[in-house]
Amino acid sequence: MKLFGFLLLLLLFFIKINVLRGSCVNIPCSFNVRGGFENNLDDSCKAYWSDSTSFDSENAKLKPTKEMTGDLTKKDCTTTFNNASLLQSAKYYFRLQCNNPLRFTFTQAGVDISLIDDPPSPTLTPSTLEVEEGASVSLTCSAPAPCWSHPPALTWSSNLGQSQETLQENQDKTKVRTSVMNFNASHLHHGNKISCTAVYQKQDGIHDVTAETSLTPDISYSPKDVQISFSPSAPILENQKVTLTCSSNANPAVENYTWYRPDGDQETFIGTGSSFNVTVSKVKSTFFCKATNALGFKRSSNLQINVQFCMFLCSFFQIHLKTLQFQSVLLVQYQRTAT
């Protein structure tokens, strides 16, 4: 019996689905029955699926059991196929058949099944992360769960904070596994990849399969680890010139370095630049620098250069120099005498 005027609509909540080979799949589905045929929806009704629009219960490719389908008496034809062993890549149509006049093939709607060997990559939200240090960050990783009884497990590459998993249902009745991780951004996170991995459990005994998505955070922060080095190395003599170098870790990069000499509770500005040349003395041997970028500044610890008094060393060098000069004079006189 044809019921085109009475059966109005099959609601397949999505028309294309990727099925992981060896796993299971749920097809959300519902239908409408009008024209007095609602009373024909009883326990005798069965669901059939086929890749042909011209089929009946005898030549149907798939004959789901009651455990595999929703409650047909409530117009729910949601179907579960375990192990996807009966499926192949094709477009499938649904047929409702009861032991009464209610028999109909819904040819106006079908679902495209595509068998895949690798699961889709999970989705990270946001897909990029650019924040200042200290900001509260919430990352969401979601992966489709076509097999509702075996949703993917989600793991984060770095345990930056607490995470919570949920299995959510979309408006189209599909489901996704979602994991939300919350943490406070730190300069230690800058440039270090954060990844989320979805692990899909298969039902055919073959090993689990995984898919990964990652992002590299860009964390802005004020200067850290401000340090001073100097050359030449010790010993440093009174009134000798040395080169001071200031370095730090910052994002964005340091805009300027400034140099100071502490003077009691005060500080005396003496120059700028990442490297600075200065003459040191016993009373002017302590220095520090400040590194500044758009987010702030940080000063280094005081650098105390051990300056040697020149009394003994200079006397030694002067005697040694006079000896060399005297030897040079004798050598010149000897050469003149010899010629």
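Coordinates for the structure precede this section.
Since the structure is predicted, the reported quantities are computational estimates derived from the model, not experimental observations.

**Q** Just checking my understanding: could you explain the sheet that holds strand 17 (residues 218–231) for this structure?
**A** Whenever strands of a sheet pair, they do so through backbone hydrogen bonds, lying parallel or antiparallel. In space, the four strands of this open sheet follow the order 10-17-19-22, with mixed pairing throughout. In this open sheet, the two strands that pair with only one neighbour each are strand 10 (130–132) and strand 22 (275–280). Pairs of neighbouring strands in the sheet enclose a mean axial angle of 35°, with direction left out of account. Here six bridges tie strand 19 (residues 240–251) to strand 22, and the two strands are oriented antiparallel to one another. What sits directly across from V242, in strand 22, is V278.

**Q** I keep staring at the environment of T140 and nothing clicks. Help me out?
**A** Structurally, the position occupied by T140 is in strand 11 (residues 136–144). By relative accessible area, T140 is classed as partly exposed at 22%. Sequence spacing of T140 and Q164 is 24 residues, and the spatial spacing of their C-alpha atoms is 9.7 Å. Excluding residues within four positions of it along the chain, T140 makes contact with T123, L124, T125, W156, T178, S179 and V180.

**Q** I tried to follow unusual backbone geometry on my own but got confused; where do I start?
**A** Negative phi characterises most residues that are not glycine, and trans characterises most peptide bonds. Note that the residue after S231, namely P232, is joined by a cis bond; omega there is 0°. Relative to the helices and strands, P232 resides in the loop between strand 17 and strand 18 (236–237). Cis peptide bonds are those with omega within 30 degrees of zero, and the linkage from N251 to P252 qualifies with 5°. Here P252 lies in the loop between strand 19 and strand 20 (256–263).

**Q** Mind showing me how you'd approach the side chain of T178 here?
**A** On the secondary structure map, T178 appears in strand 14 (residues 175–184). Taking relative accessible area as the criterion, T178 reaches 5% and is therefore assigned buried. Contacts of T178, omitting those with residues within four sequence positions, involve T140, C141, S142, L154, Q164, E165, T166 and Q168.

**Q** How do you make sense of the sheet that holds strand 7 (residues 90–97) when you look at a structure like this?
**A** The four strands lie next to each other as 2-8-7-5, forming an open sheet whose pairing is mixed. The open sheet terminates on both sides in strands that have one partner only, identified here as strand 2 (16–20) and strand 5 (46–50). Put simply, the sheet's adjacent strands are angled 35° from each other on average, direction ignored. In the sheet, strand 2 pairs with strand 8 (residues 103–116) via five bridges, with the strands oriented parallel. Considered in strand 8, the bridge of V19 is made with L115.

**Q** Sorry, what's going on with the nonpolar core here?
**A** Soluble, globular proteins show a tendency: their nonpolar side chains are buried together. With 30 residues, the main nonpolar core has F31, W49, F94 and L96 as its most contacted residues. Within the residue set of this core, elements represented by two or more residues are strand 2, strand 3 (25–27), strand 4 (29–32), strand 5, strand 7 and strand 8. The leading source of residues in this core is strand 8, at five residues. One finds L20, L129, L139 and I194 within the second-largest nonpolar core, a separate group that totals 20 residues.

**Q** Help me understand the environment of N26 in this model?
**A** Among the structural elements, N26 can be located in strand 3. Taking relative accessible area as the criterion, N26 reaches 6% and is therefore assigned buried. Between the C-alpha atoms of N26 and T78, which are 52 residues apart in sequence, the distance is 7.0 Å. Side chain to side chain, N26 and T80 meet in a polar contact 2.6 Å long. In terms of polar contacts, N26 uses its side chain to reach the backbone amide nitrogen of W148, at 2.9 Å.

**Q** Explain the side chain of K202 here, please?
**A** For K202, the position within the fold is in the loop between strand 15 (194–200) and strand 16 (209–215). We classify K202 as buried; its relative accessible area is 14%. A polar contact of 3.0 Å, which involves the side chain of K202, links it to the backbone oxygen of R21.

**Q** Where do I start with the state of the cysteines in this structure?
**A** Here a disulfide denotes one covalent bond, and it connects the sulfur atoms of two cysteines. The final tally for this structure, using the stated rule, is five disulfides. Two residues, C45 and C98, share a disulfide whose sulfurs are 1.9 Å apart. Between C45 and C98 the disulfide shows an S-S torsion of about 105°. By sign, it is right-handed. Residue C45 is located in the loop between strand 4 and strand 5, and its partner C98 is located in the loop between strand 7 and strand 8; the two are separated by 53 residues in the primary sequence. Neither residue differs from the other here; C45 and C98 are each classed as buried. Residue C141 pairs covalently with C196 via a disulfide, S to S 2.0 Å. The sign of the -85° torsion about the S-S bond sets the C141-C196 disulfide as left-handed. Taken together, the positions of C141 in strand 11 and C196 in strand 15 put the pair 55 residues apart, joining distant regions of the chain. For the pair shown, C141 and C196 are each scored as buried.

The rules behind the values
Residues numbered from 1 in each chain as written. Predicted model: local features only at pLDDT ≥ 70, side-chain atom pairs only at ≥ 80, totals over all residues. Heavy atoms only, no water. Pairing = 2+ DSSP bridges. Helix = DSSP H or I, 4+ residues; strand = E, 2+ residues; numbered from the N terminus. Axes fitted to C-alpha atoms, helices over the stretch in contact; angles between N-to-C directions. Buried < 20%, exposed > 50% of the residue type's maximum accessible area, 1.4 Å probe, protein only. Contact = heavy atoms within 4.5 Å. Core = buried A, V, L, I, M, F, W, Y, C linked by side-chain atoms within 4.5 Å. Polar contact = N/O pair within 3.5 Å; in protein donor to acceptor, adjacent residues only side chain to side chain. Disulfide = S-S within 2.5 Å.

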